[in-house]
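# Close look at the chain arrangement
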Amino acid sequence: MIAAQAVLETKMLLRNGEQLLLTVVIPTLLLVLFSTVDVVDTGEGEAVDFLAPGILALAVMSTAFTGQAIATGFERRYGVLKRLASSPLPRWGLMTAKTLSVLVTEVLQVALVTVVALALGWSPQGDPVSVFLLLVLGTAAFSGLGLLMAGTLKAEATLAAANLVFLLLLVGGGVVVPLDRFPDGARDVLGLLPISALSEGLRDVLQHGAGMPWGNLATLAVWAVAGLAAAGKLFRWE
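If you're wondering where the values come from, they're calculated on a predicted model, not measured in any experiment.

## A look at the overall build of the protein chain
Counting secondary structure elements, the protein chain contains 10 helices and 0 strands. Mapped in sequence order, the helices and strands of the protein chain form the string α-α-α-α-α-α-α-α-α-α. Against the compact-globule benchmark of 18 Å for 238 residues, the protein chain has a radius of gyration of 18 Å, which places it among compact chains. By the burial criterion, 47% of the 238 residues in the protein chain qualify as buried. Considering only intrachain contacts with a sequence separation of at least 6, the fraction spanning at least 24 residues in the protein chain is 82%. Surface summary for the protein chain: the accessible area is close to 11,100 Å², and the carbon and sulfur share equals 70%. Averaged over its 14 positive side-chain charges, the protein chain has a centre that lies 20 Å from the centre of its 17 negative ones.

## Notes on the pattern of salt bridges
In this structure the tally under the stated criterion is 6 salt bridges. Between lysine 98 and glutamate 75 there is a salt bridge, with the nearest N and O atoms lying 2.6 Å from each other. With lysine 98 in helix H5 (residues 91-119) and glutamate 75 in helix H3 (residues 47-77), this pair connects stretches of sequence that are 23 residues apart. In this structure glutamate 75 comes out as buried when scored by relative accessible area, which is 9%. Among the ionic pairs, aspartate 184 bridges to arginine 187, the shortest N-O distance being 2.5 Å. Taken together, the residues span about one helical turn, with aspartate 184 and arginine 187 both in helix H8 (residues 184-190) at a distance of 3 residues. Here the salt bridges do not stand alone but share partners, grouping Glu9, Glu75 and Lys98 into one network.

## Things to note about the side chain of serine 199
Checked against the element boundaries, serine 199 lands in helix H9 (residues 194-206). A distance of 3.0 Å separates a polar side-chain atom of serine 199 from the backbone oxygen of glycine 173.

## Details of the packing of aromatic side chains
Evaluated as defined, the whole model comprises 1 aromatic pair. Between arginine 203 and the ring centre of phenylalanine 50, over which it is positioned, the NZ or CZ distance is 3.7 Å.

## Considering the packing of helix H6 (residues 128-152) against H9
Packing of H6 against H9 brings their axes to within 10 Å, and their N-to-C directions diverge by 170°. In this view, H6 runs roughly antiparallel relative to H9, as classed from their interaxial angle. Taken together, the residues of H9 that come into contact with H6 (itself represented by Ser130, Val131, Leu134, Leu135, Gly138, Phe142 and Leu145) are Pro194, Ile195, Leu198, Gly201, Leu202, Val205 and Leu206. Of the residues in the contact of H6 with H9, the class split is 11 nonpolar, 3 polar and no charged.

## Details of the confidence of the model for the protein chain
Per-residue confidence for the protein chain gives a mean pLDDT of 88; residues scoring 70 or more make up 98%. The least confident element of the protein chain, judged by mean pLDDT, is helix H4 (residues 80-85) at 80; the most confident is H9 at 94.

## Some words on the side chain of threonine 28
In this structure, threonine 28 sits in helix H2 (residues 17-36). Given a relative accessible area of 14%, threonine 28 falls into the buried group. Once residues within four sequence positions are removed from consideration, threonine 28 is found in contact with Leu112, Val113 and Val116.

## Digging into a nonpolar patch on the surface
On the surface, Val129, Phe132, Leu133 and Val136 cluster together into a nonpolar patch covering about 340 Å² of accessible area. With respect to the helices and strands, the residue leucine 133 is situated in helix H6. Take leucine 133: its relative accessible area is 34%, and that puts it in the partly exposed class.

## A closer look at the packing of H9 against helix H10 (residues 214-234)
Axis separation between H9 and H10 bottoms out at 9 Å; the angle between their running directions is 150°. When the axes of H9 and H10 are compared, the pair comes out roughly antiparallel. For the crossing formed where H9 meets H10, the hand is left-handed. Residues Pro194, Ala197, Leu198, Glu200, Gly201 and Asp204 of H9 pack against Asn216, Thr219, Leu220 and Trp223 of H10. In the contact of H9 with H10, the residues fall into 5 nonpolar, 3 polar and 2 charged.

## Regarding helix H1 (residues 2-15)
Residues that lie three or four places apart on an α-helix share one face, since the helix turns once every 3.6 residues. Taking 1.5 Å of rise per residue, 14 residues should cover 20 Å, and H1 covers 20 Å from first to last C-alpha, within 8% of that figure. Along H1, the residues that are buried comprise Gln5, Ala6, Glu9, Thr10 and Leu13. Take H1 and look down its axis: the buried residues cluster within an arc of 135°, on one side only. Away from its buried face, by an angle of more than 90 degrees, H1 presents the exposed residues Ala4 and Arg15.

Criteria and cut-off values
Residues numbered from 1 in each chain as written. Predicted model: local features only at pLDDT ≥ 70, side-chain atom pairs only at ≥ 80, totals over all residues. Heavy atoms only, no water. Helix = DSSP H or I, 4+ residues; strand = E, 2+ residues; numbered from the N terminus. Rg over C-alpha atoms; globule rule 2.2 N^0.38 Å. Buried < 20%, exposed > 50% of the residue type's maximum accessible area, 1.4 Å probe, protein only. Contact = heavy atoms within 4.5 Å. Areas by Shrake-Rupley, 256 points an atom, 1.4 Å probe, with all protein chains shown as cover. Lys, Arg positive; Asp, Glu negative; His and termini not counted. Charge placed at Lys NZ, Arg CZ, Asp CG, Glu CD. Salt bridge = Lys/Arg side-chain N within 4 Å of Asp/Glu carboxyl O. Polar contact = N/O pair within 3.5 Å; in protein donor to acceptor, adjacent residues only side chain to side chain. Phe/Tyr/Trp six-rings, centres within 6.5 Å; stacked < 30°, edge-to-face > 60°. Lys NZ or Arg CZ within 6 Å of the ring centre and 35° of its normal. Axes fitted to C-alpha atoms, helices over the stretch in contact; angles between N-to-C directions. Parallel < 35°, antiparallel > 145°, perpendicular 65-115°, else oblique. Nonpolar A, V, L, I, M, F, W, Y, C, P; charged D, E, K, R; others polar. pLDDT = per-residue confidence, 0-100. Patch = residues over 30% accessible without salt bridge, like charges linked within 9 Å, V, L, I, M, F, W, Y side chains within 5 Å. Left-handed = near helix turned anticlockwise from the far one by under 90°. Expected span 1.5 Å × (residues − 1). Arc of directions from axis to C-beta.

In structure tokens form, the structure reads like this:
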């Protein structure tokens, strides 16, 4: 049942043009734009080497947080979740299916962003295991926050808030603008955000060849536990 629901959730996501624009097209376009046009000072080295890890983090956030929050919020509004909750599929099974759908979409995103970045001259370094752990914990953190928002706010409020958060974190989460461009106080606060932990962790590994980014992993783990626990407690099915 979980596998069947996961396949359905994935098909629904891939058929949704607006969601595909947000989760696949926009991150890829941003990568190409900022890598080829000198808009933001990314420091020494090729711009794509700085941008590719941040765009990978943005892709995870767009699917696990923004896209999932909006889709789940409207499913809740129209009574879809209420009906599914009364089916033989248990509620935890539905959430598991949604998570599997997110992971499938992210695999496609990561593959696309990687291919485009390599075509632009990206030279990734580092340990694939570190990258995998960062992506998994980042997905868990953003999924928890997305479900928390979808399960507590009205659908229209979720739509507005999720898109606003996406835009704010795109600018202030170390995705395309280095965190060291911000004042010290703001940089310290921004560095605690899950998007900053994910983008900076990926950048340390893929751009600088650093070892296991334990600090960034710990930050993402705290967000994941807090977000999923809050979503599990506060999520309203109708």
